[in-house]
Amino acid sequence: MCFIVKNFLGFPISKIRHFVVQHKVVLLFLLGLWVWQFILMSTWLYKDQSPPQWDQSVHLSTSLHYKHALSSLSLTDMIVPPRYPGHPPYPPFVHYAMVPLLFMSDWTGIPPEDAVTLVNLFFIVLLSFGAFLLVQDWRGHEAGVCAAFLTGLCPPLLGYSHEPLVDLGLAAWVVMAYACWQRSDHFYDRSWSLGCGAAFGLGLLSKWTFMFYVAPILWDMGKVVFKKYQAPMNKNGWGAIGIGALLAGPWYSVNIFSVLPRIVRAASLGAQEGDPSVWSLASWAWYPKLLWHDLFLWGIVLGISGLVCLVFFRPKHFWVLAWWFLGAYVVWSLVSNKNPRDIFPALLVFPLAAAFLPKRVNVMAAGLSVVFSWLVTWNYVGHAMPAQPFPWPLEAIVQKAAESRGPLSDPLSVLSLPANHDYLNGNNLRWTVEKMGLDDVIVPRTKISRLGQFSEFVLMKTGALGPAGTIARHEEVRKEILAKPGWFGRAFVELERWALPDKSEAVLFHRRKNIKGLAPYQALSQVLPHVSFEGLRVYEDRHYVQRANQKTAERTWLVVRARKMVLKSLELTNVRLALNGFLAVENERREPCLLRLHEVFVESARISEKAVADFIRSRAKNVKNVQVEFLEKNQLSVQGQIGVVPLRVLMELGYHQEDTGEPFLRVKLVKLKAGGVPLPLFFLGGLCEKSVRLTPSRGMPFFVYFSGLSTVGHDLEIKEKKPGSSHGPKEKK
C-alpha cells in the first residue's frame, strides 16, 4: 500500500510540467475546443426551457439526496444510494460531482437543472484530452488534436452534454482508462499504469457498466493476476489493480448485495417495455440500427473510412478499437432492456477511428465537426429532442397543491398522475417537489391500480400521455375522470388548469371536503391493499384515547377486530386495530375505493413462527427447509438452505418512536452463518441494520403505530408492555 501511495502521489508533478511545455500549441487548440463547448452548452441552456425527463430527473433527485446527506453529515446516506422504481442504485461519483453545483444554484439562483449540467464540461475536458492522449500515442500530435475535436463534438456527445446524466462521465473515464493503459505499454510504465488504475476505479464509481467497455484492459489485468507478465509489468499491473480496488472497493463492498438484485431486475424490464427477445435477430440488429440515429451519415462515413484505414495500416490499433466496440455490443445485445445510452461509450470508437484518415482529410473533418456542432445546437440538423423554448408549469402545479391542503389534510398528500409524458411524468414531478422542499407534504404517484386510491389530488393531462406501450392504464383512468355523471365528479373538484406547450392542458383536481362515504363494515375488507380478514368486526368509537398524530386526528375512530388477518401472505391472529381518517367511496363498477386513511394503531396481534416461515417461503423461492424460532430479547433465528449450502441468520427486532413521535421498526443482523462458518458482517454494509419507517410514504401514505413488540414463547406479540393498562376504546354492547 505504501508503494502504491508513494508512487501515485509522486507521479504527476514533473511529468505534467514537461508535458505542458512540450505541447503548448496543442493545449491552445484543446482550450479553444473547451471554450467552444461552453458556448454550445450555454446557448442550449438559454434556448431550452423544458423540464428534465425520466432518467434525468432520477439523477437530479439522487444528487439532491447526497447534498442533504453532506449537509446533515449522515454517513449512511452518504454511502447508501437512494432507490427509485425501475432504476438500479447508481454509484455516486457523478452525483457527488453535481453537489457543489447544487450549492452554487442556491447561492446564485440559477435553476438547479441547468447548474448541475455544467459538470459535463469537466467530463468533456477529460474525454477529449483522453482521446488526444490515446491517438497521439498511436499517430502523433496532429491526429491527436483531430481525435479530440471529432470525439468531443461527435453527435451523441452533443446530445448528452446538456443533460444531467451519468453516461458522459462514464464515457470520459472509459476513454481515459484506454489512454493511460495504451501509454503504459501493457503496464510497463509505472506512472501510466497507476493512472489507468485510477481511471478504472473512478469509472466503476461512475456507473457499474464500466467494465463492459474495457475488454482489452481486463484481458491485460487477467494476465497480471495469472502471472503471465514479468517485473516490472507484473508489479505495475498489481499497482493499477490496487488503485482501482482502493477507489471503488469500499462503495461496492457496502452496496453490492443490495445493488445486484436491482440491477438484474432493471436489466430484465425490456420484456415489459416491448424490447425484442434476446435470442431474436431483432435484438442483435437493435443497436446497429441506432448508428444512423446517433452518428448521422457523416459520422458513419468518417468512422468506417477510418476503420478501413486502420485495417490496412495499423492492425494493432484496430484490434483495440474492435474489442472496445464489439465487447459492449455483445453484452448489451444480450441484455433484454435496450437503451441508446448503453452503447454510447462504444460509439466513440467511430470518431477516434476517423482521426486515422489521411492527413488534411482528418483536419478537414475536425473543422467540419465544429460547424456541425453549431448546426445541431440551433436545430438546423435533426435532433432527437430539440430545444423547447417554452417552460412547463410543474412548479405552479405543485405549489397550488401545497397551498390547497387544509388543516385536517392527509399526513402526506398523494398527487396521482395518470400520465407518462416526456415532460410530465412521475420522475420529474417528484424532482420538482423535492427541489421546492415540499417532499414532506406532497408525493407524486403514477402507478394507479384504482383511481383515487389514497389520493388527495389528481393531475390529469389532455392530449398525448406518453410512449404507447406505457399508457394503456393511464388512458383508462382519464376516461373515468371525464365520464359525466360519474363518481369522480362527486368525490373530486377541479382546482385549476394550465395550458401546456404541446397544445394540451394539465387539470388539477382536489378531493372534496364533505363526501358521503361507504359504511366501514361494507368497505374495509375490500379496500385495504393486500389485506384480507376472517372473523371481522368493525365499529366506531368517539372516545378513543388518541395515541397518534394529533394534527390529523379526527373525533371518530374505527375499531377493527379480526380472528385472522393476512397481510401480503403474512398471517396475524387475534388482531385489534384502530383506524383514523378512514374514507371510502364506490366507483361506477361498484368497487370500493379507499380515498383517505390517516393513522393505523395496532393495539394487539400475534404472529407465529410458522406464519413467519411461510412468509419467507413465499417471498424467497430459492430458500428451502425454512425454520423460524423466536428467542428472548426480541431475537429471531431463521434457518434455511440455498442449494446445498445451509444458512442460519440471527436477527434482532425492535419497535421505536423518535423524539418527534415518528414510529419505526428496526431489524438488526446479529449473526450470519453459511455452511456452519460465521461470515463477517462488514461486507453487508447497510444491510446489517435496517430501519423501516412507519411514517407516510408513496405506497403507504399514513402512520402506523404499535402498542409494543416482544417475543412471547413461540409467538411475536404486539401488545402494550404494561399489563392491565387500557388505552383503546371499549367495545360497545
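Sequence order as written defines residue numbering, which begins from 1 separately in each chain. It should be noted that, the model being predicted, local features are given only for residues of pLDDT at least 70 and side-chain atom pairs only at 80 or more, the latter also being counted only at that level, while totals for whole chains, interfaces and linings use all residues. Note: side-chain values were computed over all heavy atoms of the structure, leaving out hydrogens and water.

### Examining unusual backbone geometry
Line of reasoning, step 1. Put simply, Lys-484 and Pro-485 share a cis peptide bond, and its omega is -15 degrees.
Line of reasoning, step 2. For the purposes of this entry, the term helix denotes a DSSP run of H or I that reaches at least four residues, the term strand denotes a run of E that reaches at least two, and both are numbered from the N terminus. Relative to the helices and strands, Pro-485 resides in the loop between α22 (472–482) and α23 (487–491).
Line of reasoning, step 3. Phi is positive for Phe-454, close to 55 degrees, though the residue is something other than glycine.
Line of reasoning, step 4. Of note, Asn-625 is a non-glycine position whose phi angle comes to about 50 degrees, a positive value.
Line of reasoning, step 5. Residue position: Asn-625 is located in strand β13 (residues 623–630).

### Focus on the sheet that holds strand β2 (residues 442–445)
Line of reasoning, step 1. Strands are treated as partners if at least two bridges between them are detected by DSSP. One open sheet accounts for 5 strands, arranged β2-β1-β3-β5-β4; its pairing is mixed. Where the open sheet ends on each side, the last strands, each with one partner, are β2 and β4 (492–499). Shown here is a sheet whose adjacent strand axes are inclined to one another by a mean of 20 degrees, direction ignored.
Line of reasoning, step 2. Here β4 pairs with strand β5 (residues 505–511) via 7 bridges, running antiparallel. Of the residues in β5, the one forming a bridge with Glu-496 is Leu-508. Axis definition: a line fit to C-alpha positions, over the contact stretch in the case of helices; interaxial angles, taken between N-to-C directions, run 0 to 180 degrees.

### Describing a positive patch on the surface
Line of reasoning, step 1. Patches were defined on residues exceeding 30% relative accessible area and lacking a salt bridge, with like-charge contacts within 9 Å and nonpolar side-chain contacts (Val, Leu, Ile, Met, Phe, Trp, Tyr) within 5 Å. Areas reported here follow the Shrake-Rupley algorithm with a probe of radius 1.4 Å; residue values treat only the protein chains shown as occluding. By salt bridge we mean one thing: a side-chain nitrogen of Lys or Arg within 4 Å of a carboxyl oxygen of Asp or Glu. In this charge count, Lys and Arg are treated as positive and Asp and Glu as negative; neither His nor the chain ends contribute. To locate a charge, take NZ of a lysine, CZ of an arginine, CG of an aspartate or CD of a glutamate. Residues Lys-568, Arg-619, Lys-621 and Lys-624 make up a contiguous surface patch of positive charge.
Line of reasoning, step 2. Note on placement: Lys-624 falls in strand β13.
Line of reasoning, step 3. Given a relative accessible area of 48%, Lys-624 falls into the partly exposed group. Only protein chains enter the accessibility calculation, which uses a 1.4 Å probe; a residue whose area is less than 20% of its type maximum is buried, one above 50% is exposed, and one in between is partly exposed.

### Details of the packing of aromatic side chains
Line of reasoning, step 1. Two aromatic rings from Phe, Tyr or Trp, using only the six-membered ring of Trp, form a pair when their centres are within 6.5 Å; if the ring planes differ by under 30 degrees the pair is stacked, by over 60 it is edge-to-face, and anything between is tilted. All told, the structure shown has 27 aromatic pairs when counted by the stated rule.
Line of reasoning, step 2. Aromatic side chains Phe-129 and Phe-132 sit 6.3 Å apart centroid to centroid with 25 degrees between the ring planes, which places their arrangement in the stacked category. Here Phe-129 pairs with Phe-132, and both are found in helix α8 (residues 119–139), just 3 residues apart, close to one helical turn.
Line of reasoning, step 3. Plain terms: the ring middles of Phe-488 and Phe-509 are 5.2 Å apart, the flat faces sit at 80 degrees to each other, and that makes the pair edge-to-face. With Phe-488 in helix α23 and Phe-509 in strand β5, this pair connects stretches of sequence that are 21 residues apart. For the pair formed by Phe-488 and Phe-509, the shared burial category is buried.
Line of reasoning, step 4. Of note, Lys-67 hangs over the ring of Phe-103, and the distance from its end group to the ring centre comes to 5.0 Å. In this scheme, the term charge over a ring applies when either NZ of a lysine or CZ of an arginine sits within 6 Å of the ring centre and within 35 degrees of the ring normal.

### Considerations on a nonpolar patch on the surface
Line of reasoning, step 1. A cluster of nonpolar side chains, contributed by Leu-28, Leu-31, Val-35, Phe-38, Ile-39, Trp-374 and Trp-378, occupies part of the molecular surface with about 650 Å² of accessible area.
Line of reasoning, step 2. Top element by residues in the nonpolar patch is helix α3 (residues 24–47). It accounts for 5 residues.
Line of reasoning, step 3. Among the secondary structure elements, Val-35 is positioned in helix α3.

### Considerations on the confidence of the model for the protein chain
Line of reasoning, step 1. Scored between 0 and 100, pLDDT is the confidence that the predictor attaches to each residue. Across the protein chain, the average pLDDT comes to 83, with 88% of residues at 70 or higher.
Line of reasoning, step 2. Contacts were defined at the residue level, with two residues in contact if any of their heavy atoms lie within 4.5 Å. In this model residues 1–11 is a low-confidence stretch, pLDDT under 50, and it forms 13 contacts with partners more than four residues away in sequence or in other chains.

### Thoughts on the pattern of salt bridges
Line of reasoning, step 1. Applying the stated criterion across every chain yields a total of 20 salt bridges.
Line of reasoning, step 2. The shortest N-O distance in the salt bridge between Arg-341 and Asp-55 comes to 2.3 Å. With Arg-341 in the loop between α16 (315–333) and α17 (344–347) and Asp-55 in helix α4 (residues 54–72), the pair connects residues that are 286 residues apart, well separated along the chain.
Line of reasoning, step 3. Among the residues examined, Asp-55 registers a relative accessible area of 16% and is labelled buried.
Line of reasoning, step 4. One salt bridge in this structure joins Asp-715 and Arg-606, with 2.8 Å as the shortest N-O distance. Of the two residues, Asp-715 sits in strand β21 (residues 715–718) while Arg-606 sits in strand β12 (residues 599–608), which places them 109 residues apart along the sequence.
Line of reasoning, step 5. Counted as one network, the salt bridges with shared partners bring together Asp-55, Asp-167, Lys-207 and Arg-341.

### Considering the side chain of Thr-695
Line of reasoning, step 1. Considering the arrangement of structural elements, one finds Thr-695 in the loop between β18 (689–693) and β19 (703–706).
Line of reasoning, step 2. Not counting the four nearest positions on each side in its chain, Thr-695 is found in contact with Glu-662, Pro-663, Met-700, Phe-702 and Phe-703.

### Points about the nonpolar core
Line of reasoning, step 1. Note on terminology: a nonpolar core comprises buried Ala, Val, Leu, Ile, Met, Phe, Trp, Tyr and Cys residues joined through side-chain atoms within 4.5 Å. Core analysis: the largest hydrophobic core is formed by 113 residues, its most contacted members being Tyr-178, Phe-210, Ile-217 and Trp-324.
Line of reasoning, step 2. Per-element tally for this core: the top contributor is helix α11 (residues 167–184), with 13 residues.
Line of reasoning, step 3. Look past the residues within four positions of Tyr-178 in its chain and what remains in contact with it is Leu-134, Tyr-213, Val-214, Ala-215, Pro-216, Ile-217, Val-320 and Trp-324.
Line of reasoning, step 4. Leu-597, Val-628, Phe-630 and Leu-672 belong to the second largest nonpolar core, which has 49 residues in total.

### Remarks on the packing of α3 against helix α19 (residues 361–377)
Line of reasoning, step 1. Close contact between α3 and α19 brings their axes to 10 Å; oriented N to C, the two are set at 10 degrees. For the element pair α3 / α19, the angle class is roughly parallel. Across the interface between the two elements, Trp-36, Ile-39, Leu-40, Thr-43, Trp-44 and Lys-47 of α3 pack against Val-370, Ser-373, Trp-374, Val-376 and Thr-377 of α19.
Line of reasoning, step 2. In the contact of α3 with α19, the residues fall into 7 nonpolar, 3 polar and 1 charged. When describing relative orientation, an angle under 35 degrees is termed roughly parallel and one over 145 degrees roughly antiparallel, while 65 to 115 degrees is termed roughly perpendicular and anything else oblique. Each residue is assigned to one class: nonpolar for Ala, Val, Leu, Ile, Met, Phe, Trp, Tyr, Cys and Pro, charged for Asp, Glu, Lys and Arg, and polar for all the others, Gly among them.

### Notes on the environment of Leu-302
Line of reasoning, step 1. Along the chain, Leu-302 turns up in helix α15 (residues 281–313).
Line of reasoning, step 2. Using a relative accessible area of 18% as the deciding quantity, one classes Leu-302 as buried.
Line of reasoning, step 3. Distance in space between the C-alpha atoms of Leu-302 and Phe-350 is 7.4 Å, their sequence separation being 48 residues.

### A look at the side chain of Ser-455
Line of reasoning, step 1. Among the secondary structure elements, Ser-455 is positioned in the loop between β2 and β3 (457–461).
Line of reasoning, step 2. Setting aside its immediate chain neighbours within four residues, Ser-455 contacts Val-414, Ser-416, Arg-445, Phe-492, Arg-511 and Leu-595.

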